[in-house]
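# Coordinates in review
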Amino acid sequence: MSLIERLARLHAEGHAQELELANEVDRAEHELRPAAVLAAITERNDRPGFLLIHRPSNMRSHPGQVAFPGGKIDPGETPIEAALREAYEELGIHQRDVTVIGASDVYRTNSGYAITPVIAVIPPDLELNPSPTEVAQWFEAPVDHVFDTRNHNHQSAFWQGRERRYIEIMWQQHRIWGVTAGIISNLARRIAW
């Protein structure tokens, strides 16, 4: 069974059930700005990996953090269209190289976004052209590693006058935490890897 077939089956099975998933806030989606990210998995036979980026340290939103490629949904766009557009703008990934598996659960953030992760498969070793204004560096983190809940370290910190809980996942020297780790945690519950 190919990775695409396997993910399509796991996506359908995992999204057919009711689950209580993590979010940073409980506000209604209409109070938040819609956004989408491309949770792209490289089609590697030995060890498929999520394609992740480090945002430049001078960005206004989430500077220096690890993220999936993505951003705001423009008027008239679907989450899938926005995720594909952002992946092209940030990494030069052409839509023709992406096999979309499907959207997943919206993740609501303290920073005011309702983010729809779009699960997709891309070829391994795809030539990327990162935009220096949006991407400081990119890397792959193996799906089996980031989906393994034993690697999900639960942390807390004080932010804006209250204690906030978050997940931190380490892969080599990369610290995946906050929104991205929250989305990965939810995906791990939906996709029985």
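The following refers to the structure shown. (Residues numbered from 1 in each chain as written. Predicted model: local features only at pLDDT ≥ 70, side-chain atom pairs only at ≥ 80, totals over all residues. Heavy atoms only, no water.)

Time to look at the overall build of the protein chain. Looking only at helices and strands, the protein chain has 4 helices and 11 strands in total. Over its C-alpha trace the protein chain gives a radius of gyration of 16 Å, about what one expects of a compact globule, namely 16 Å for 193 residues. Seen through its C-alpha atoms, the protein chain measures out along the principal axes to roughly 50 × 40 × 40 Å. Out of the 193 residues belonging to the protein chain, those deemed buried represent 50%. Across the protein chain, every contact between residues at least 6 apart in sequence was considered, and the portion connecting residues at least 24 apart equals 67%. (Helix = DSSP H or I, 4+ residues; strand = E, 2+ residues; numbered from the N terminus. Rg over C-alpha atoms; globule rule 2.2 N^0.38 Å. Buried < 20%, exposed > 50% of the residue type's maximum accessible area, 1.4 Å probe, protein only. Contact = heavy atoms within 4.5 Å.)

This part takes up the nonpolar core. Grouped together as the largest cluster of nonpolar side chains are 33 residues, with contacts concentrated most on Phe50, Leu52, Phe68, Val146, Phe147, Ile176 and Ile183. Residue assignment for this core shows that the elements contributing at least two residues are helix H1 (3-15), strand S1 (33-42), strand S2 (49-54), strand S7 (113-122), strand S8 (137-142), helix H3 (143-147), strand S10 (162-171) and helix H4 (178-190). For this core, the element with the highest residue contribution is H4, accounting for 6 residues. Discounting chain neighbours no more than four positions away, the residues touching Phe50 are Ala39, Ala40, Ile41, Phe68, Phe139, Glu140, Ala141, Val143, Val146, Phe147 and Leu187. Counting residues in each nonpolar core, the second largest holds 20 residues, with Leu38, Ala83, Ala87 and Val98 among its members. (Core = buried A, V, L, I, M, F, W, Y, C linked by side-chain atoms within 4.5 Å.)

If you check H1, its first and last C-alpha atoms are 18 Å apart, about what 13 residues at 1.5 Å a residue would give, namely 18 Å. In this fold, the buried residues of H1 make contact with S1, strand S5 (99-103), S7 and H4. (Expected span 1.5 Å × (residues − 1).)

For the rest of this paragraph, the subject is the environment of Ala181. One can find Ala181 in helix H4. Sequence-distant contacts of Ala181, that is, excluding residues within four places in its chain, are made with Ile167, Ile169 and Ile176.

Bringing the pattern of salt bridges into the picture now. Side-chain pairs of opposite charge can arise where the charged atoms are in close proximity. Summed over the entire model, instances satisfying the criterion amount to 12 salt bridges. Between Asp125 and Arg44 there is a salt bridge, with the nearest N and O atoms lying 2.9 Å from each other. Of the two residues, Asp125 sits in the loop between S7 and S8 while Arg44 sits in the loop between S1 and S2, which places them 81 residues apart along the sequence. The class of Asp125 is exposed, set by a relative accessible area of 62%. We note a salt bridge from Asp105 to Arg190, for which the minimum N-O separation is 2.8 Å. A residue pair is termed long-range when its members are at least 10 positions apart, and Asp105 in the loop between S5 and strand S6 (107-108) and Arg190 in helix H4 qualify at 85 residues. Given the relative accessible area of 7%, Arg190 is considered buried. One connected set of salt bridges, linked through shared partners, spans Asp74, Glu77, Arg85, Glu86 and Glu89. (Salt bridge = Lys/Arg side-chain N within 4 Å of Asp/Glu carboxyl O.)

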